[in-house]
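# A closer look at the structure
Now for the letters of each chain:
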Amino acid sequence: MANNGFGVLIDKLKKNPKKIVFTEGTDPRIIEATSRLLSGTFLKPVLVGKPDEIAAAAEEAGYNINGAEIIDPENYDRFEEMVDLFCELRKKKGVTPEQARGILSASNYFGTMLVKMGVADALLGGATYSTADTVRPALQLIKTKPGNSIVSSCFIMVREKATGDNEVLVMGDCAINIHPTEDDLVEIAGESAKCGRIFGVDPKVAFLSYSTLGSGKGEDVDKMRNAAAKAKEKYPDLPIEGEIQFDAAVSPRVAEVKCPGSAVAGHANTFIFPDINAGNIGYKIAQRLGGFDAYGPILLGLNAPINDLSRGCNAMEVYSMAIITAALSD
Ligand SMILES: CC(C)(COP(=O)(O)OP(=O)(O)OC[C@H]1O[C@@H](n2cnc3c(N)ncnc32)[C@H](O)[C@@H]1OP(=O)(O)O)[C@@H](O)C(=O)NCCC(=O)NCCS
Ligand SMILES: CC(=O)OP(=O)(O)O
């Protein structure tokens with residue numbers, strides 16, 4: 001991503017390098033990204049897995065990962081300390097040490113505990129794990145930040161314009177909350193706008209629907225209209241429009257017909273989808289047919305920077321997401 005926001009993230013990391021855990025240490029895309037990261041000095045990769053299997057995978061992929069820290073859950077000298085902490089954190093669920101040992105043998109839970117214990121600053125997973133399996137340990141162990149009521153997510157979508165500049169859009173929540181409530185949507189909008197600013201977006205927020213300002217009827221229309229109204233009240237300085245159709249949100253010509261006089265319509269850059277069906281399909285259409293690179297899902301409202309990858313990711317996306325994830329840690 002050649003966006004100025006990305007350069008800012010790298011500069012931040014150069015001043016204060018961070019450790020990032022990769023839960024899928026033998027995946028060739030993770031190995032390639034690790035090799036690229038090792039040639040810089042701003043991020044310290046930690047690979048979870050068996051050293052011999054990771055070494056064999058690196059050799060097969062043809063990448064040098066000398067210098068990467070490797071932690072094997074089966075031979076980790078702080079494993080029993082991790083088990084005790086896990087039991088404490090999951091006390092209300094009645095988890096026994098025996099059960100904890102089994103759960104922590106899986107790299108998604110083990111890696112998340114490395115962040116919880118402060119062994120690493122951040123985590124990136126999901127190259128092979130599903131989003132649910134990457135995110136669930138974080139929801140259970142890292143928890144929602146004070147002041148937030150949910151963890152949600154957004155994608156930063158980037159496409160090079162004919163002028164050579166980047167067009168940067170924000171889309172949320174395409175990955176976590178399946179049926180967000182009106183209040184969830186308000187929080188998703190606020191968090192997505194905040195995240196967009198990190199990447200140089202001056203947010204103009206559209207609460208998307210199949211209706212523009214009452215042109216269509218239905219419960220889902222009401223939900224987006226009410227959410228937009230609540231968001232305007234909660235964030236009076238944030239330009240917000242809704243409910244609004246996608247064409248009216250992005251096309252000045254259509255906006256003039258459907259939503260005249262709006263400060264957002266025709267120029268929206270931060271899109272709030274009514275549910276995960278719309279969001280996940282929407283961002284993938286922009287990515288696969290619209291020529292946008294998709295960075296995310298970036299988790300919003302979590303107590304520590306833990307992010308997910310799409311299983312369809314490539315090594316460059318892993319590399320970029322690692323930088324984004326680590327740079328979001330304090
Ligand atoms: C995120 C997701 C995995 C959570 O579902 P789940 O694991 O079944 O969640 P549960 O309801 O069992 O909750 C597990 C824990 O997470 C917490 N939690 C669940 N959703 C949460 C959210 N959005 N924010 C904060 N905490 C949440 C619960 O409170 C619970 O905590 P506890 O165990 O300490 O009581 C689920 O919402 C999901 O599958 N989302 C869609 C993921 C997906 O397929 N995306 C498409 C590809 S990107
Ligand atoms: C974000 C997302 O859609 O993830 P996956 O492609 O792994 O399901």
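Conventions we followed
- Residues numbered from 1 in each chain as written.
- Chains lettered and ligands numbered in written order.
- Predicted model: local features only at pLDDT ≥ 70, side-chain atom pairs only at ≥ 80, totals over all residues.
- Heavy atoms only, no water.
- UniProt positions renumbered as here; feature names shortened; annotations may be inferred.
- Helix = DSSP H or I, 4+ residues; strand = E, 2+ residues; numbered from the N terminus.
- Near = heavy atom within 4 Å.
- Polar contact = N/O pair within 3.5 Å; in protein donor to acceptor, adjacent residues only side chain to side chain.
- Areas by Shrake-Rupley, 256 points an atom, 1.4 Å probe, with all protein chains shown as cover.
- Nonpolar A, V, L, I, M, F, W, Y, C, P; charged D, E, K, R; others polar.
- Phe/Tyr/Trp six-rings, centres within 6.5 Å; stacked < 30°, edge-to-face > 60°.
- Buried < 20%, exposed > 50% of the residue type's maximum accessible area, 1.4 Å probe, protein only.
- Lys NZ or Arg CZ within 6 Å of the ring centre and 35° of its normal.
- Expected span 1.5 Å × (residues − 1).
- Disulfide = S-S within 2.5 Å.

As recorded in an unreviewed UniProt entry, the protein goes by Phosphate acetyltransferase and comes from Bilifractor porci. Looking at the Catalytic activity (unreviewed entry) heading of the UniProt record, one finds this comment for the protein: "acetyl-CoA + phosphate = acetyl phosphate + CoA". UniProt lists a comment for the protein under the heading Sequence similarities (unreviewed entry), and it reads "Belongs to the phosphate acetyltransferase and butyryltransferase family."

The positions that UniProt labels "domain: Phosphate acetyl/butaryl transferase" (unreviewed entry) are, in the present scheme, residues 10-326. For residues 10-326, the helix share is 44%, the strand share is 18%, and the end-to-end C-alpha distance is 10 Å.

In the vicinity of ligand 2, the residues found are Thr 131, Phe 155, Asn 280, Tyr 283, Lys 284, Pro 297, Ser 310 and Arg 311. Between ligand 2 and the protein, one listed contact pairs an oxygen atom with a side-chain N or O atom of Ser 310 at 2.7 Å. Burial of ligand 2 by the protein chains amounts to 87% of its free accessible area of 260 Å². Of the residues forming the shell around ligand 2, the biggest block, 3 residues, is contributed by helix H12 (residues 276-288). Class assignment for the residues of the shell around ligand 2 results in 3 nonpolar, 3 polar and 2 charged.

A few words now on the packing of aromatic side chains. Evaluation of the coordinates by the stated rule reveals 5 aromatic pairs. Note on Phe 86 and Tyr 109: the rings are 6.2 Å apart at their centroids and 80° apart in plane angle, and the pair reads as edge-to-face. Residue Phe 86 is found in helix H4 (residues 79-89), and its partner Tyr 109 is found in helix H6 (residues 107-116); the two are separated by 23 residues along the sequence. The class for Phe 86 is buried, based on a relative accessible area of 1%. Accessibility expressed as a relative area gives 14% for Tyr 109, which makes it buried. Geometrically, the ring pair formed by Phe 155 and Tyr 283 is stacked, given 3.7 Å between the ring centres and 15° between the ring planes. Taken together, the positions of Phe 155 in strand S5 (residues 152-160) and Tyr 283 in helix H12 put the pair 128 residues apart, joining distant regions of the chain. For Phe 155, a relative accessible area of 1% translates into the label buried. In this structure an aromatic cluster arises from ring pairing among Tyr 76, Phe 79 and Phe 110. Sitting over the ring of Tyr 319, Arg 36 keeps its end group 5.0 Å from the ring centre.

Right, let's get into the site of ligand 1. Neighbouring ligand 1 are 18 residues; Arg 90, Arg 136, Lys 143, Val 151 and Ala 175 lie closest to it. At 2.8 Å, a side-chain N or O of Arg 90 approaches an oxygen atom of ligand 1. Val 151 is positioned such that a nitrogen or oxygen atom in its backbone is 2.8 Å from a nitrogen atom of ligand 1. Considering ligand 1 on its own, with 940 Å² of exposed area, one finds that the protein chains cover 64% of that surface. Elements that contribute at least two residues to the shell around ligand 1 include exactly helix H7 (131-141) and H12. Ranked by residue count, the leading element in the shell around ligand 1 is H7, at 5 residues. Of the residues assigned to the shell around ligand 1, the class counts are 8 nonpolar, 5 polar and 5 charged.

This part takes up helix H13 (residues 315-327). Taking 1.5 Å of rise per residue, the 13 residues of H13 would be expected to cover 18 Å, and the 18 Å separating its terminal C-alpha atoms lies within 8% of that figure. Counting buried residues in H13 gives 12 out of 13 residues, a clear majority hidden from the surface. Taken together, the buried positions of H13 are Ala 315, Glu 317, Val 318, Tyr 319, Ser 320, Met 321, Ala 322, Ile 323, Ile 324, Thr 325, Ala 326 and Ala 327. The N-cap of H13, judged by a side-chain oxygen 3.1 Å from the amide nitrogen of Met 316 a few residues on, is Asn 314.

Turning our attention to the state of the cysteines. Covalently bonding the sulfur atom of one cysteine to the sulfur atom of another cysteine gives a disulfide. Applying the stated criterion to the full structure yields 0 disulfides. Left unpaired, Cys 154 is separated from the closest cysteine sulfur, that of Cys 195, by 3.7 Å. Residue classification places Cys 154 among the buried residues on the basis of a relative accessible area of 0%. Of the cysteine sulfurs around Cys 313, a residue in no disulfide, the closest is that of Cys 174, at 17 Å.

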